[in-house]
Number of protein chains: 2
Amino acid sequence: MDTTDDAIRPSKHGDDVAVNGTDEDKTKDKKDKPDTVGKGPAKLPATADPAVAKELQKILDGAYAEERERVRAMLDDEFFRPQIGLPLDEARDSILDRLERLRDTGMPKGVFSKAHGGTGELGAALTGMELVGHADLGMMVKSGVQWGLFGGAVEALGSERHMHLVPRIIDLDLLGCFAMTERGHGSDVQNLETTATYDAETDEFVVHSPGLSAEKTYIGNAARHGRMAAVFAQLHTPGSATDANHDPAESHGVHCILVPIRDEDGNPMPGVTIGDHGYKGGLPGVDNGTLMFDNVRVPRENLLNRFGDVDERGNYSSPIESRNRRFFTMLGTLIRGRVSVGAAAGAATRSSLTIALRYATRRRQFEGVPDQEKRLIEHRSHRLRLLPRLSRSYALALLQNQIIERLDAQEKLIAAGEWDVAEPTDEQQWKQRETESRAAAVKAAATRHATDTIQECREACGGAGYMAENLLTVFKDDSDVFTTFEGDNTVLIQMVGKELITAYARGLSDLDPMGMLRFGVENVGDILRRRTPIARSVQSLMDRVTDREETDIFDAGYQVKLFGDRESSLLKSLARRLSGAKKMDVEDAVEAVDAAQDHLIACGWARVDSMLLEALVEAEASLDDGSPVKDVFEQVRTLFALSTINAHSGWYQEQNVLNGQRTKAVRAAINDLVDSLGPWADVLVDAFAIPDALVAVPMLDDAGVDPR
Amino acid sequence: MDTTDDAIRPSKHGDDVAVNGTDEDKTKDKKDKPDTVGKGPAKLPATADPAVAKELQKILDGAYAEERERVRAMLDDEFFRPQIGLPLDEARDSILDRLERLRDTGMPKGVFSKAHGGTGELGAALTGMELVGHADLGMMVKSGVQWGLFGGAVEALGSERHMHLVPRIIDLDLLGCFAMTERGHGSDVQNLETTATYDAETDEFVVHSPGLSAEKTYIGNAARHGRMAAVFAQLHTPGSATDANHDPAESHGVHCILVPIRDEDGNPMPGVTIGDHGYKGGLPGVDNGTLMFDNVRVPRENLLNRFGDVDERGNYSSPIESRNRRFFTMLGTLIRGRVSVGAAAGAATRSSLTIALRYATRRRQFEGVPDQEKRLIEHRSHRLRLLPRLSRSYALALLQNQIIERLDAQEKLIAAGEWDVAEPTDEQQWKQRETESRAAAVKAAATRHATDTIQECREACGGAGYMAENLLTVFKDDSDVFTTFEGDNTVLIQMVGKELITAYARGLSDLDPMGMLRFGVENVGDILRRRTPIARSVQSLMDRVTDREETDIFDAGYQVKLFGDRESSLLKSLARRLSGAKKMDVEDAVEAVDAAQDHLIACGWARVDSMLLEALVEAEASLDDGSPVKDVFEQVRTLFALSTINAHSGWYQEQNVLNGQRTKAVRAAINDLVDSLGPWADVLVDAFAIPDALVAVPMLDDAGVDPR
């Protein structure tokens, strides 16, 4: 079928940055109220300075710049480009080949401690895995399954008796699965149905799937390569001498136990039924499958017993008394996976923006003066499609760096014996929760942004964008499930909202879901004051605003204030709305919370947006005034801030925070900013420093991009 | 990798229907201003009446209900489900198998006239092709290439000497391509580079691709099955006796000529180079490829000469004097393809909504009272994700029916000799332009909605939604390019905007792009009055509003007025903004128009939204007051209207059309409506009457959907 390609529309319905106001309006705004709206930064030189790319790169590279350079050099090889159209088995084996190449670089060792054959360089390892997302998300996901989730579970949940497995896991000598999700239970880990019941007679655990809804699903490495699975199951023990009151029908809660699933020849172990999910929306090289256990017996020692153990007589013990805290401590192993997924989604998005913007600066498109066809980027509507998204990618990259650095610091404290995971100090508990909340926020933000932006990039490249060789559809398909796995975004963003409401109002003692709902917030101001203090550079900008009653929409401090207004107002009204729930019975409270679910989600997103802006403002504060890099960066930050405000223009007007004149001025400023940044598009994506071999797609090396 | 599935978030960032207002606000609104906001329709019974599905179906089925039933019965066969994971060649051949089955039903005959071996039942044929979109978009696209575009070009642009080909095309005895798009030129058909030069010595045309940017790209049927191509090329003739002033270097404009591309053994013809696009983002069964011509000679008679002919001495003649009108008359053949693409995208969207909503009414999800896990649909946020989109699908289905009926009526007039395509009356020219504008609007609206909604459906089904067997990812991948081909949506929606501005202000004499920009609009009211009159039922509702100063947000007339306000205000400000352009020189005018491109696009979307609401209101007017089906339909219409208004809440406030209290009331009403319609979700999708074999995916027949 014939294709007329090369879209030049700015947004899905032309109203993300809708031009409802006219230029006249804009002029009027500027004339009538110059003081309240602000003048805006000067237009950047029309000829971009390529040297600025390196300086922007320095900001984005962050703490692990050296590791980035090392990994980039390694990945600058067409071998790492996604393979297209392979049959399922070949696709899977080819991804395993890539894992072997990664192993040979030593990168995976970073996620394991020195004591167990790793290097303990978690930050560097996570940064390396992020960069793998520029290349092939299948390789990233399978790495995540093997080293992050399976290996991570063994090291984090096991004890010395399991550590001999770690070097085999690093070496890919033992391929394994992380078998948590069940068919009947997605995000609801606490109510998994699989059981692990201790049989004292044989000193074994019996692992069993009581029904179809207990089937482990979507399990990576299950369909083809895995030999062992870390199975999450309800732990049952018979009553025993010291545990006489324990009802054997009652579980000690979800624990993790190692179950061999294939023998040396690759055949399923007795009692283990393995299914194959076959083709998915993407990630053909990741062998997702299902696992069912029919009274499968494994030695007692297979229990990963760091946080809950059973002795040979069947007595249960745990270093963590609170069942809830035990559960959440074990789940803490998920955090690295979440961070990795967000990081790789961010990398795939930057690859896509690099491809789409390089196409836009090369490809000519009609609708101009005959024989002077413009390049796509020379159309304002095309700039509006891609540049605000690019600015959000900048913010996400910086926030991603922060969370990786945070995890690395925590890991180093643990390695040094200064942080006991089973018995953290109060301070450490706060920090852990804050880290989990931030990880959830970053994952949800990065993956949502990936899905939307890669789609936009595909469409912005027209028919060429639909050709698999140009990689945009591959990135789209592979990253699509990222919004779902490692914590569905809906659930995660609610977690961010709940954390906002509860963490600082109550304490950590009561983490069950109903407890989180029955919070008792009297003073929202308290909550906001008690959350992680923002960076000093950001605070000083905000103070300036308060002092001067600054209302210049280009002012960073005022922008932070506007973002904060959205966050705090939403939180206040949510708190009012939910405050009745604590007096209700359970059913009514659930109903009240369900009706407020959207509100909770809106709070979570408002928090994420604040975090993103603060990350940009903080980075900007480190740049020299008047330097070209600062001039460019300032416009990127302002574009992010104003396009986010514009997306919520209805809310800002409803709340009388901004009037219609000001929201129109915001939109006019966005137009000016994309006009100013347009000629800098190549520089802005060069700053991502993506290895050429990974983004040099055919449509960029094509006579068609410039028909003259 | 582990997957936590089952998303229950309402919208990408929780703010499509952001709950920024609180329930308190809502109560207050109702208390303070009951008259201005309105009370809203009563909540529907909590137990849905399945009989209503059939009545809703009758509304949606429209004029071709019988044909629909016939085609549904035929498609109710797993044979027609998309095949997943086939190697490229097998995928392509399997789609051809499906085309043979379609041929055997006689359906394709509808697009050809009785005189040439068809039936002339265009409306029925297009409706049938729409339904094919429920099954397999690859089958629909390849059908569209073969019968719609290739066959359509031969019949519409050829003369009697070509009509012997039509039965062979219908029978799939001659497979062909529609070779319009070139690598260097997407939507810019007027500037194609391929040439067809007449050589009087041999009485042949020489078809030639002067360079790589002239390569025909994305051509369906080219890579594997096509034997002939309808090639669009610049027509050149040497100067001749009667045409002495014609400069041979100058083209007579783009014409279409038949070029054999493969011999009987399937080998490329001499001088023809065929490339293969290989894997794309989807549609693996459609064999898109490239074509290059190296001085390929074909007989003079191969020129499709209905609107432009060359005699053996090289004299050019045409029944249409205006070169521009000739060009647009030839391009008119594209309209059916556009309508088909929109229709099939609508069908695929309805299939996806059917799957996602059936999953939502069956699948249980945690976060409720323990052991009383709610079904997904019982979460308001889940209802908010899917039900407003469902209401838009209703509106689109109705609008789609209108455009198909319109094309059918026009075709019947042409067949009856009452409409001469080469010499239409003024009235017919108006109608033709209006039809083209509506077709563009519907195509852009349906395909945009498909891309966004199928993605939402995928995410709303969590991990299960990512499994290819559940079809959502297949629909997403296959439909993704629909926003791009058959006219990129960005270009089409601008066409809608331009039509709004120019068609009724000027007349048809000057159709070149610059002319369209240099319009002279003095009175925007005139434009609006002169566009196609809206249906009487809609008009009477609007009159009532004007009479009573009605401001009840639930009132259909007031809703139409609010939509009209958006359309006319945007148009007025755009007209003001562009009115200076006609005095500028070309470069400046292009610049001014480019800066206003977003505005033009916003106008186009406002027009589309008005058309959609009017289609709903018109259908509703035919229902009996107080009937259950009317009660349901009224809420669907109101949900569509209010969610569209909510999406533009920033604009409505900026323009002082609605204040913040009212936009909050709109949002509260949306919540009430999805609560009311939630229990009716199955009924609402049953009304689409999609053959079971096409939507009975594994996740719906799965113990996992109800873990209890």
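Residues numbered from 1 in each chain as written. Chains lettered and ligands numbered in written order. Predicted model: local features only at pLDDT ≥ 70, side-chain atom pairs only at ≥ 80, totals over all residues. Heavy atoms only, no water.

Enquirer: Honestly, the overall build of chain A in this entry has me stumped. Any pointers?
Expert: Summing up its helical and strand segments, chain A has 26 helices and 13 strands in all. Taken across its 708 residues, chain A has 67% of its residues classed as buried. For chain A, the exposed area adds up to about 23400 Å²; of that, 48% sits on carbon and sulfur atoms. (Helix = DSSP H or I, 4+ residues; strand = E, 2+ residues; numbered from the N terminus. Buried < 20%, exposed > 50% of the residue type's maximum accessible area, 1.4 Å probe, protein only. Areas by Shrake-Rupley, 256 points an atom, 1.4 Å probe, with all protein chains shown as cover.)

Enquirer: Help me understand the nonpolar core, please; the structure alone is not making it clear to me.
Expert: Generally speaking, soluble globular proteins have nonpolar side chains that are buried together. Counting residues in each nonpolar core, the largest one holds 363 residues, and the members touching the most others are A:Leu56, A:Tyr394, A:Phe482, B:Leu56, B:Tyr394 and B:Phe482. Excluding anything up to four places from it in sequence, B:Leu56 contacts B:Tyr394, B:Val629, B:Val632, B:Phe633, B:Val683, B:Leu684 and B:Ala687. (Core = buried A, V, L, I, M, F, W, Y, C linked by side-chain atoms within 4.5 Å. Contact = heavy atoms within 4.5 Å.)

Enquirer: Would you mind going over the pairing of strand 8 (residues 289-293) of chain A with me for this structure?
Expert: One face of the sheet, then the other: side chains in a regular strand alternate in exactly this way. Residue and element names in this part refer to chain A. The element strand 8 is largely enclosed, with a buried count of 5 among its 5 residues. Burial along strand 8 is two-sided: the residues Gly 289, Leu 291 and Phe 293 and Thr 290 and Met 292 are all buried. Bridge count between strand 4 (residues 216-219) and strand 8: 2 bridges; the pairing is antiparallel. When the bridges of strand 8 are listed, Lys 216 appears paired with Leu 291. Looking at chain direction, strand 7 (residues 272-276) and strand 8 are connected through 5 bridges and run antiparallel. Each residue of the ladder has a partner; that of Asp 276, found in strand 8, is Gly 289. (Pairing = 2+ DSSP bridges.)

Enquirer: Is there a simple way to explain unusual backbone geometry in this structure?
Expert: A negative phi holds for most residues other than glycine; trans holds for most peptide bonds. The phi dihedral of A:Leu172 is positive, around 65°, even though this residue is not glycine. Within the secondary structure, A:Leu172 is located in the loop between helix 8 (165-170) and strand 1 (176-179). A:Leu172 gets classed as buried once you look at its relative accessible area, which sits at 11%. The backbone of B:Ala689 shows a phi angle near 50°, a positive value even though the residue is not glycine. Residue position: B:Ala689 is located in the loop between helix 25 (681-686) and helix 26 (692-695).

Enquirer: Honestly, the sheet that holds strand 8 of chain A in this entry has me stumped. Any pointers?
Expert: Hydrogen bonding along the main chain pairs the strands of a sheet, whether they run parallel or antiparallel. Residues and elements named next belong to chain A. Here 3 strands make up an open sheet; going across it, the order is 4-8-7 and the pairing antiparallel. Strands at the two margins of the open sheet, each flanked by one partner only, are strand 4 and strand 7. This sheet shows a mean twist of 20° between the axes of neighbouring strands, independent of strand direction. (Axes fitted to C-alpha atoms, helices over the stretch in contact; angles between N-to-C directions.)

Enquirer: I would appreciate a short explanation of the pattern of salt bridges in the present structure.
Expert: Close approach of charged atoms allows side chains of opposite charge to pair. All names here are of chain B. Taken as a whole, this structure holds 84 salt bridges over all chains when the rule is applied. Note that Arg 168 is salt-bridged to Asp 173, the shortest N-O span being 2.8 Å. Where Arg 362 meets Asp 682, a salt bridge forms, and the shortest distance between an N and an O atom there is 3.4 Å. Within this pair, whereas Arg 362 is found in helix 10 (residues 334-362), its partner Asp 682 is found in helix 25, the two being separated by 320 residues in sequence. For Arg 362, a relative accessible area of 30% corresponds to the partly exposed category. (Salt bridge = Lys/Arg side-chain N within 4 Å of Asp/Glu carboxyl O.)

Enquirer: What's the story with the packing of aromatic side chains in this structure? I'm lost.
Expert: Between two aromatic rings, the relevant description is the distance of the centres plus the angle of the planes. Residues and elements named next belong to chain B. Across all of its chains, the model carries 18 aromatic pairs over all chains by this definition. Here Trp 651 and Tyr 652 contribute two aromatic rings whose centre-to-centre distance is 5.0 Å and whose plane-to-plane angle is 80°, an arrangement assigned as edge-to-face. The exposure class assigned to Tyr 652 is buried, which follows from its relative accessible area of 1%. Of note, Arg 98 hangs over the ring of Phe 79, and the distance from its end group to the ring centre comes to 4.3 Å. Note that Arg 101 overlies the ring of Phe 79, its terminal NZ or CZ placed 4.2 Å from the centroid. (Phe/Tyr/Trp six-rings, centres within 6.5 Å; stacked < 30°, edge-to-face > 60°. Lys NZ or Arg CZ within 6 Å of the ring centre and 35° of its normal.)

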